[in-house]
Amino acid sequence: MWTASQSLPLLLAPNAAISLLDKCHTLSELRQVHARLVKSGLASNPRVLRRLLLCRARSPNVSFLSDSNNVHECFLLYSRMLSRLDDLHGVEFSLPSLLKTCGKSSSFFQGRQLHAQTARQVFDRMNQRDVISWNSMIAGCLKAGDVDLALALFDEMPQKDIISWNSMIDGLMKCERCDLAEKLFESMAQRDVVTWTAMVSGYVLNGHSDEALELFRRMLDAGVQPDATAIVNVLAAIADLGFCDEGKWVHAYVCRSNIKLVSGVLGSALIDMYSKCGLIDNALSVFRSICHERQVGDWNSMISGLAIHGLGRQAIEIFDEMQRIGVEPNDISFLGLLKACSHSGMIEEGWLYFKLMQERYRMEPGIQHYGCLIDLLSRSGLLEEAQRVIEDLPMEPDVVVWKSILSSCVRHGHVDIGEHAAMRVIELAPHDSSCYTLLSNMYAKFGQWEDVERVRALMKERGVKKIPGCSCIMVKGEVHEFLVGKEMGVGRREVVHSKLEEVIHRLKLQGYEPDLSQVLVDVEEEEKESLLSVHSEKMAIAFGLLNLNKGAPIRIVKNLRVCGDCHSFSKLVSRIYNHEIILRDQNRFHHFKGGSCSCNDYW
Ligand code: ZN
Ligand code: ZN
């Protein structure tokens, strides 16, 4: 009769098995031995099992638990072993490394149920659960997205240190549960700088920039000195909101608090903030003060900043300088450059840099680089050339690519190509309202009202909501929001509307004709004119004229693209009222001054 002892003479005794285990250096060796042990029946021997389990803890050069490509297998092995052990003494030594290993690996998510359960079992059976094990366990659950289990464990935890609270807040924010993080934060008896930073960064991560800024103010009021991470995050929030006064204040705070304005993360964040708040000169001066440190991130931020201001030539100069002094550009540098070319209509240069990145720097363009090139070509009306690039794409075109084609079709009037692009966008992002809006705008422009109705019905059927236009203006430290279709406060509405009427009247005397083709619904001409006049940026400009000092720049941030009529309106206001208007729309900046715009009507 065949027996295990005959075919595997080496594994006759547990001692032999243990010495073999001790010789394992990799997971695959360990797996082979484990298979033999199973066959021989020795795998259920408690002594052998314990050795299997603890071989990493006892012999650090056997790294079977940190062989991160094999996390899944590690866990299987681990759980099999656990199910046979009664006394779990010593297991806790493996737990932290196991949880760390799983955290590093994306495969964690696939098997997270099994993993969470396995880990939970170990945890439940551990004799001594110290605060570190609790914290690791909770962090593991949050990383796996199991918020309920994390919360339950947190409640159950006998002693919580500040690290427990902080990692709970951080994890909840990463699980997009701002509400739960807030609740926890408010109930904390003691908070440290990490707590505040976790909240500020969490809000930024979840796109709640206004809340991030608000909390940062509270942090300072509470007398907590923010660390560099909190400042980088609040700068990102300010950049998103476009509030330059706040940004200047934070910059001054950085200088005042002797936080070294090093290049790299903080420097890039400042350059980015100033660019997105419309203060490109401030961005340049920050850049000049740190660029000698030659961090590629700073140069990239500067190139992208100049790009959104339509300062393509200057962006190219920065790139030339970068090459001259030997700062190695990366893929983000080229993305910034291509954007710069796209926002300034520089077709020849766009192609040049697209080729340069491949030929001289041996970089493969990603979908975003192709996206910029396609955007540049289609915006310039070279739709056929753009389509050829799409046909030769080495990857599937994404939503951004099709959207740039679609918006150019609306502008240049190619209904067929536009329809095709719209269908692709709707396939890829069925709930993105902007595509339906663009498509319906295109039909409306050519008077195809039945098609407009069709798109509207489709949106309704799918529950897609149109994003209303919204413009913000900061006056005397306070933000005022103008939203299409939303009532303003009592009294304010009348004042703003009558000012707007007065402005339009004065503009008309100077030759302003409302561009009714921008009204994309089938209504009477007169009604079209009143629909145009309630565009949010016009109301914000009227409000600025009413409340700002004479000649002070009017700074507006808009969530959508500015329409052609509002664009000519703003140009005229800048000349007739002698106010500079700096308008940031969804894509870029428009600096209106003396009757013209920095975008040269190319947007
Ligand atoms: Zn408009
Ligand atoms: Zn413009």
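All of these numbers come straight from a predicted model, not from anything done at the bench. In this numbering scheme, every chain counts its residues from 1 along its sequence in written order. Key to labels: chains lettered from A, ligands numbered from 1, both in the order written. Confidence filtering applies because this is a predicted model: local features only for residues at pLDDT of at least 70, side-chain atom pairs given and counted only at 80 or more, and all residues used for totals across whole chains, interfaces and linings. Derived side-chain values reflect all non-hydrogen atoms in the structure, with water molecules and hydrogen atoms excluded from consideration.

Undergrad: In this structure, what is going on with the overall build of the protein chain? I would like to understand it.
TA: The numbering of helices and of strands both runs from the N terminus, where a helix is a DSSP run of H or I of at least 4 residues and a strand a run of E of at least 2. Along its length, the protein chain carries 32 helices and 6 strands. Restricting to contacts in the protein chain with at least 6 residues of sequence separation, those with at least 24 account for 63%. Residue-level accessible areas treat just the shown protein chains as cover; the underlying method is Shrake-Rupley with a 1.4 Å probe. Entry remark: accessible area of the protein chain is about 29,100 Å², with carbon and sulfur atoms responsible for 51%. Every residue pair with non-hydrogen atoms within 4.5 Å of one another is taken to be in contact.

Undergrad: Would you explain the coordination of the zinc ion (ligand 1) in this entry?
TA: Under perfect tetrahedral coordination by four donors, a metal shows angles of 109.5 degrees; under perfect octahedral coordination by six donors, it shows angles of 90 or 180 degrees. Coordination shells were defined by N, O and S atoms within 2.8 Å of each metal, extended to 3.2 Å for Na, K and Ca; water is absent from the atom set, which can make sites look incomplete. Surrounding the zinc ion (ligand 1) are the protein donor atoms His535 (ND1), Cys563 (SG) and Cys566 (SG), at 2.0 to 2.3 Å. Read in sequence order, the donor residues for the zinc ion (ligand 1) give the motif H-x27-C-x2-C. Linking His535 in the loop between helix 30 (525-533) and helix 31 (536-547) with Cys566 in helix 32 (residues 564-576), this pair joins segments that are 31 residues apart in sequence. We note that His535, like Cys566, is buried. Whether a residue is buried, partly exposed or exposed follows from its accessible area with a 1.4 Å probe, protein chains only, as a fraction of its type maximum: under 20%, in between, or over 50%, in that order.

Undergrad: Explain the environment of Val193 to me, please; I cannot follow it from the model alone.
TA: Examined against the element boundaries, Val193 turns out to sit in helix 13 (residues 193-205). Leave out the neighbours within four places in its chain, and Val193 touches Met219, Val224, Gln225, Pro226 and Asp227.

Undergrad: What should I look at first to understand the sheet that holds strand 5 (residues 589-593) in this one?
TA: Sheet strands pair by backbone hydrogen bonding; their relative direction is either parallel or antiparallel. Only strands joined by at least two bridges in the DSSP assignment are considered to pair. The sheet built from 6 strands is open, its strands ordered 2-1-3-4-5-6 with mixed pairing. Each end of this open sheet is capped by a strand with a single partner; those strands are strand 2 (478-483) and strand 6 (596-597). Strand direction decides the pairing type here: strand 3 (residues 554-558) and strand 4 (residues 581-584), joined by 4 bridges, are parallel. Its bridge partner lying in strand 4, Ile556 is registered against Leu583. Only the stretch in contact is used when fitting a helix axis, every axis being a line fitted to C-alpha atoms; angles between N-to-C directions are given from 0 to 180 degrees. Along the sheet, helix 32 contacts strand 4, strand 5 and strand 6; its crossing angle with strand 5, the most-contacted strand, is approximately 40 degrees.

Undergrad: Explain the pattern of salt bridges to me, please; I cannot follow it from the model alone.
TA: Two side chains with opposite charge may pair up if their charged atoms get near one another. Salt bridges, as used here, are contacts in which a Lys or Arg side-chain nitrogen is within 4 Å of a carboxyl oxygen on Asp or Glu. A complete count under the given rule lists 18 salt bridges for this structure. Glu214 is paired through a salt bridge with Arg217; the nearest N and O atoms lie 3.7 Å apart. With Glu214 and Arg217 both in helix 14 (residues 209-221) and 3 residues apart, this pair spans about one turn of that helix. Residue classification places Glu214 among the partly exposed residues on the basis of a relative accessible area of 45%. Classification of Arg217 by relative accessible area gives partly exposed; the value is 35%. Between Arg456 and Glu453 there is a salt bridge, and its shortest N-O distance comes to 3.4 Å.

Undergrad: Looking at this structure, how should I read a negative patch on the surface?
TA: Patch criteria: residues need more than 30% relative accessible area and no salt bridge. Like-charged residues are merged within 9 Å; nonpolar side chains of Val, Leu, Ile, Met, Phe, Trp and Tyr are merged within 5 Å. The charged-residue count follows a simple rule in which Lys and Arg add positive charge and Asp and Glu add negative charge, with His and chain termini not counted at all. By convention, charge coordinates are those of NZ in Lys, CZ in Arg, CG in Asp, or CD in Glu. Residues Asp210, Glu211, Asp240 and Glu481 make up a contiguous surface patch of negative charge. When you line up the elements, Asp240 lands in helix 15 (residues 228-241). Exposure remark for Asp240: the relative accessible area of 43% places this residue in the partly exposed category.

Undergrad: For this particular structure, what's the right way to read the coordination of the zinc ion (ligand 2)?
TA: Protein coordination of the zinc ion (ligand 2) is provided by His567 (NE2), His590 (ND1), Cys597 (SG) and Cys599 (SG), with donor distances spanning 2.0 to 2.2 Å. Counting gaps between the donor residues of the zinc ion (ligand 2) yields the pattern H-x22-H-x6-C-x1-C. On the criterion of sequence distance, the pair formed by His567 in helix 32 and Cys597 in strand 6 is long-range, its members being 30 residues apart. A relative accessible area of 6% places Cys597 in the buried class.

Undergrad: What is the right way to look at the state of the cysteines in this model?
TA: Linking two cysteines covalently through their sulfur atoms gives a disulfide. By definition, disulfides here are pairs of cysteine sulfur atoms that lie within 2.5 Å. Applying the stated criterion across every chain yields a total of 0 disulfides. Of all cysteine sulfurs in the structure, the one in Cys277 sits closest to Cys244, which takes part in no disulfide; the separation is 6.0 Å.

Undergrad: What is the right way to look at helix 24 (residues 383-391) in this model?
TA: Given 3.6 residues per helical turn, the α-helix brings residues three or four places apart onto the same face. For helix 24, the full list of buried residues reads Leu383, Ala386, Val389 and Ile390. Viewed end-on, helix 24 has its buried residues packed into an arc of 115 degrees, placing them on one side of the element. Exposed residues pointing more than 90 degrees away from the buried face of helix 24 are listed as Glu384 and Glu391. Each element contacted by the buried residues of helix 24 is listed here: helix 22 (347-359), helix 23 (367-379), helix 25 (399-412) and helix 26 (415-428). Each C-beta atom gives one direction from the helix axis, and the arc is the one those directions make.

Undergrad: Before we go on, may I ask you to explain the packing of aromatic side chains in this structure?
TA: Each aromatic ring pair is specified by the distance between its two centres and by the angle formed by the two planes. Pairing of aromatic side chains here covers Phe, Tyr and the six-membered ring of Trp, requires ring centres within 6.5 Å, and sorts the geometry by plane angle: under 30 degrees stacked, over 60 edge-to-face, intermediate tilted. Under the definition given, this model contains 11 aromatic pairs. Here Phe319 and Phe334 contribute two aromatic rings whose centre-to-centre distance is 5.4 Å and whose plane-to-plane angle is 65 degrees, an arrangement assigned as edge-to-face. Linking Phe319 in helix 20 (residues 312-325) with Phe334 in helix 21 (residues 331-344), this pair joins segments that are 15 residues apart in sequence. Plain terms: the ring middles of Phe354 and Tyr370 are 5.1 Å apart, the flat faces sit at 70 degrees to each other, and that makes the pair edge-to-face.

Undergrad: Looking at this structure, how should I read the environment of Pro430?
TA: If you trace the backbone, Pro430 turns up in the loop between helix 26 and helix 27 (433-445). The exposure class assigned to Pro430 is partly exposed, which follows from its relative accessible area of 30%. As a C-alpha pair, Pro430 and Arg462 span 32 residues in sequence and 8.1 Å in three-dimensional space. When near neighbours in sequence (up to four residues on either side) are disregarded, Pro430 contacts Val425, Tyr436, Arg462 and Val464.

These figures capture arrangement, not role.
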